[in-house]
Amino acid sequence: MHYQPKSDLLNHRIILVTGASDGIGREAALTYARYGAQVVLLGRNAEKLQRVCDEVNQHSKAPALWFTLDLETATPESCRELADTIAGQVPRLDGVLHNAGLLGDVVPMAQQDPAVWQQVMRVNIDGTFFLTQALLPLLLKSEAASLVFTSSSVGRQGRAGWGAYSVSKFATEGMMQVLAEEYDPRQLRVNCINPGGTRTKMRASAFPEEDANKLKTPADIMPLYLWLMGDDSKRKTGLSFDAQPGRKPGAAE
Ligand code: NDP
């Protein structure tokens, strides 16, 4: 995507990022802060979050906040408690990027381990839904909020071996579409990003044979992540965007 955001694109915005401890989420948090946002970092590993928070604060005007939440064990109650804690520290949320995700096992359906299946669904769908529900009141305090979910090419077209991950990403697209229908896009717009093959630890575990140097880095795909959080995407809702348009799904060639 060719997009040249203004350097103050996200000034005065408060944006929460899940899975901010690593990979694409870490890069999105750093990027949003560089473009002026105050960021709220969520993840399951306190040490990693603290490190990202320190990095963000080297460049950020407003100090970043971080909180741990393990989406695998998250409940509606724990998400509401976290939302209350966040509401005690920020007046609203102008954006939420649901980026945290779990791959599970890349094996045929017949061999999917039911326990891993449920783990993937808990992280990618149940926990993400509980957190969304708990954060909606804070998003609705914004003049024009942006809620972004993270999908995948296998969330639009099923592919052999991608089991629970693929099914969870179809559900992610569904969650985005239902929410988008429920809100006036002037108040809350809801969309999905498909990052496309990107150089992270998840990608390396899905494609261990692949030459990672042939993949885009998280930094390369940030234009779409910025566009969806800024005013240039105002009123766009119910859509699923590709961060790497035209890229063929599957291993890098
Ligand atoms: P990474 O594995 O590098 O990062 C995943 C992030 O999610 C980490 O911060 C991780 O935390 C966090 N996370 C995992 N499980 C939990 C949990 N139980 N509770 C809270 N946080 C958790 O993956 P990517 O950066 O590659 O992926 C980001 C998103 O992009 C995912 O939704 C993925 O499905 C999607 N995606 C990625 C593609 C790619 O090629 N990279 C392609 C298509 C989609 P921790 O640091 O503790 O592990």
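Each value, and the rule that gives it
- Residues numbered from 1 in each chain as written.
- Predicted model: local features only at pLDDT ≥ 70, side-chain atom pairs only at ≥ 80, totals over all residues.
- Heavy atoms only, no water.
- Near = heavy atom within 4 Å.
- Polar contact = N/O pair within 3.5 Å; in protein donor to acceptor, adjacent residues only side chain to side chain.
- Areas by Shrake-Rupley, 256 points an atom, 1.4 Å probe, with all protein chains shown as cover.
- Helix = DSSP H or I, 4+ residues; strand = E, 2+ residues; numbered from the N terminus.
- Nonpolar A, V, L, I, M, F, W, Y, C, P; charged D, E, K, R; others polar.
- Buried < 20%, exposed > 50% of the residue type's maximum accessible area, 1.4 Å probe, protein only.
- UniProt positions renumbered as here; feature names shortened; annotations may be inferred.
- Contact = heavy atoms within 4.5 Å.
- Pairing = 2+ DSSP bridges.
- Axes fitted to C-alpha atoms, helices over the stretch in contact; angles between N-to-C directions.
- Core = buried A, V, L, I, M, F, W, Y, C linked by side-chain atoms within 4.5 Å.
- Phe/Tyr/Trp six-rings, centres within 6.5 Å; stacked < 30°, edge-to-face > 60°.
- Lys NZ or Arg CZ within 6 Å of the ring centre and 35° of its normal.

Caption draft 1: Spotlight on the site of the ligand. Around the ligand there are 28 residues in total, and Ser21, Lys48, Asn99, Tyr165 and Thr200 lie nearest to it. Separating an oxygen atom of the ligand from a backbone N or O atom of Thr198 is a distance of 2.8 Å. Coverage of the ligand by the protein chains reaches 95% of its 900 Å² of free accessible surface. Where the shell around the ligand is concerned, the elements lending two or more residues are α1 (23–34), α5 (163–182) and α6 (201–206). No other element matches α6, which puts 3 residues into the shell around the ligand. Taken together, the residues of the shell around the ligand sort by class into 8 nonpolar, 12 polar and 8 charged.

Caption draft 2: Highlighting the side chain of Asn194. In this fold, Asn194 is placed in strand β6 (residues 188–194). For Asn194, a relative accessible area of 8% translates into the label buried. For Asn194, the side chain forms a polar contact with the main-chain nitrogen of Gly196, separated by 3.1 Å.

Caption draft 3: Spatial organisation of the environment of Asp8. Mapped onto the secondary structure, Asp8 falls in the segment before β1 (14–17). It is 8.7 Å that separates the C-alpha atoms of Asp8 and Arg34, two residues lying 26 residues apart in sequence.

Caption draft 4: Seen up close, the UniProt feature "domain: Ketoreductase" (unreviewed entry) in the protein chain. Under the UniProt annotation, "domain: Ketoreductase" (unreviewed entry) lies at residues 13–199. From the first C-alpha to the last, residues 13–199 spans 28 Å; its make-up is 45% helix and 17% strand.

Caption draft 5: The environment of Gly161, seen in detail. Within the fold, Gly161 resides in the loop between β5 (145–150) and α5. For the pair Gly161 and Gln111, spaced 50 residues apart in the sequence, the C-alpha separation amounts to 9.2 Å. Discounting residues that sit within four places of it in the chain, Gly161 has contacts with Asp105, Val106, Val107, Pro108 and Gln112.

Caption draft 6: Geometry of the side chain of Thr132. Residue placement: Thr132 occurs in helix α4 (residues 114–139). There is a polar contact of 2.6 Å between the side chain of Thr132 and the backbone oxygen of Thr128.

Caption draft 7: Looking closely at the environment of Leu140. Turning to its location among the elements, Leu140 is positioned in the loop between α4 and β5. Taking the C-alpha atoms as reference points, Leu140 and Leu93, separated by 47 residues in sequence, lie 7.9 Å from one another. Those residues in contact with Leu140, other than ones at most four positions away along the chain, are Tyr183, Gln187 and Leu188.

Caption draft 8: Local environment of the sheet that holds β5. Spatial ordering of the open sheet is given by β3-β2-β1-β4-β5-β6-β7, a layout of 7 strands whose pairing is parallel. Taken across any chain shown, the strands that pair with only one partner, and hence form the sheet edges, are β3 (65–68) and β7 (240–242). Neighbour to neighbour, the strand axes of the sheet diverge by 20° on average, direction disregarded. Note: strand β2 (residues 38–43) against β3, 4 bridges, orientation parallel. Each bridged residue has a counterpart across the sheet, and for Gly43 the counterpart in β3 is Thr68.

Caption draft 9: Structural detail: the nonpolar core. Core analysis: the biggest nonpolar cluster contains 39 residues, and Ile86, Leu93 and Leu135 have the highest contact counts within it. Secondary structure elements with two or more residues in this core: β1, β2, β3, α3 (76–87), α4, β5, α5 and β6. Here this core gets 12 residues from one element, more than from any other, and that element is α4. Apart from the residues within four sequence positions on either side, Leu135 is in contact with Leu16, Ala83, Ile86, Leu93 and Val96. Of all hydrophobic cores here, the second largest spans 33 residues; its members include Tyr3, Leu30, Ala33 and Leu228.

Caption draft 10: The packing of aromatic side chains, seen in detail. Inspection of every chain in the model, using the stated rule, returns 4 aromatic pairs. With 5.7 Å between their ring centres and 40° between their planes, Trp162 and Phe207 make a pair best called tilted. Here Trp162 is found in the loop between β5 and α5, whereas its partner Phe207 is found in the loop between α6 and α7 (222–229), with 45 residues between them in sequence. The exposure class of Trp162 is buried, given its relative accessible area of 11%. Considering the side-chain rings of Trp227 and Phe241, the 5.3 Å spacing of their centres and the 75° angle between planes classify their relative orientation as edge-to-face. Here Trp227, found in helix α7, pairs with Phe241, found in strand β7; they are 14 residues apart in sequence, far enough to count as distant. Neither residue differs from the other here; Trp227 and Phe241 are each classed as buried. One aromatic cluster in this structure is built from Trp162, Tyr165 and Phe207. Arg159 extends its terminal NZ or CZ atom over the ring of Trp162, reaching a point 5.5 Å from the ring centre.

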